[in-house]
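Each chain, letter by letter, is given below.
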Amino acid sequence: MVRLMAGILFLTTIITMAQAQTKVRIETPYGDMVVKLYDETPKHRDNFIKLVQEGFYDNLLFHRVIENFMIQGGDPDSKGAPAGKMLGMGDVGYTVPAEFVKGLYHKKGALSAARQGDAVNPAKASSGCQFYIVQGQVYPQEMFAMFESRGLKLNEEQKQLYGTVGGTPHLDGDYTVFGEVIEGLDIIDKIAAVQTDRADRPVEDVWMKMRIEK
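Residues numbered from 1 in each chain as written. Predicted model: local features only at pLDDT ≥ 70, side-chain atom pairs only at ≥ 80, totals over all residues. Heavy atoms only, no water.

### As for the pattern of salt bridges
Point 1. In the structure shown here, the tally under the stated rule is 15 salt bridges.
Point 2. Residue E180 is joined to K107 by a salt bridge in which the shortest nitrogen-to-oxygen separation is 3.1 Å. Here E180, found in strand β9 (residues 177-183), pairs with K107, found in the loop between β5 (95-96) and β6 (110-113); they are 73 residues apart in sequence, far enough to count as distant.
Point 3. Residue E180 is classed as buried on the basis of its relative accessible area, which comes to 14%.
Point 4. Here D174 and K124 are joined by a salt bridge, their closest N and O atoms 3.0 Å apart. (Salt bridge = Lys/Arg side-chain N within 4 Å of Asp/Glu carboxyl O. Helix = DSSP H or I, 4+ residues; strand = E, 2+ residues; numbered from the N terminus. Buried < 20%, exposed > 50% of the residue type's maximum accessible area, 1.4 Å probe, protein only.)

See below:
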C-alpha cells in the first residue's frame, strides 16, 4: 500500500510539473504576459521551453511591431543591438517542422512561429527561435465574403472567432500557432502602439525576459 501511494504521489508530481511547464511568463517594460503552450504542437512547445529554460530570450527585443497585426521577437541579434540596426535575420541554426493543427487559429493573443517565406521554405518550417504574438483586429461579418472572393476560405468557427475576439485570419494554415496569451492581452495593445521606425522596429527598445510559470 505504501509503495502504491508513493507511486501515485510520484506520478502526480510528474503530471503537475508537466502542466507547470506549459505556461511561460513574458516580462516587458509595459507589463507581463503569460502564455499557455499547446500540447497539440509538441515540437514547438518543447523547443520554446528549452530556450526559455536556457535564458535565451532574456534581454532580446520585440524588434518588429505592426499595430493591428502583431508584435515579433526572438532574434538573437537584437540583444544589445544599437539604435537603427536592421533586425530579423538572426536564428539558432535550425528550424522546427510545421505543426498545423485544426482549431488552432491566429486569434488575438495567439503565439505563433515566424519563418522564412515559401520561395525558400516550401515546407513552411518554423524559425527555431523567432515568434510573434497576434494583435490583429475584429472583422465585421461582411468582410468574410470579401475574403472568400479572394480565395481565403473560413469555416464557421473562424468567422465567429475573428468577428468577436479578432485576429489575423489570412495567416491560418501558413504559420504554426503553438500557444496563446492567457494573461495580459492589454500588454499586446500597449506594445503594438509604440512608435516605430521605417523597418517597424520600436524607436525605444521593448525588451523581454521569460521564465517558466510555476
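Back to the text.
### What about the side chain of Q72?
Point 1. With respect to the helices and strands, the residue Q72 is situated in strand β4 (residues 70-73).
Point 2. A distance of 2.9 Å separates the side chain of Q72 from the side chain of Q130, its partner in a polar contact.
Point 3. Q72 has contacts with L61, F62, H63, R64, A114, Q130, F131 and Y132, leaving out every residue within four places of it along the chain. (Polar contact = N/O pair within 3.5 Å; in protein donor to acceptor, adjacent residues only side chain to side chain. Contact = heavy atoms within 4.5 Å.)

### Quick notes on the sheet that holds strand β3 (residues 60-66)
Point 1. With antiparallel pairing, the eight strands of this closed barrel are ordered in space as β1-β2-β9-β6-β8-β4-β3-β10. Direction aside, the axes of adjacent strands within the sheet are offset by 35° on average.
Point 2. Both strand β2 (residues 31-37) and β9 contribute to a ladder of four bridges, which runs antiparallel. If you follow V35 over to β9, its bridge partner there is V181.
Point 3. Packing of helix α2 (residues 42-53) onto the sheet brings it into contact with β1 (23-28), β2, β6, β8 (131-134), β9 and β10 (207-212), and relative to β10 it is tilted by some 105°.
Point 4. Strand contacts of helix α5 (residues 185-192): β1, β2, β3, β4, β8 and β9, with the helix running at about 120° to β2, the strand carrying the most contacts. (Pairing = 2+ DSSP bridges. Axes fitted to C-alpha atoms, helices over the stretch in contact; angles between N-to-C directions.)

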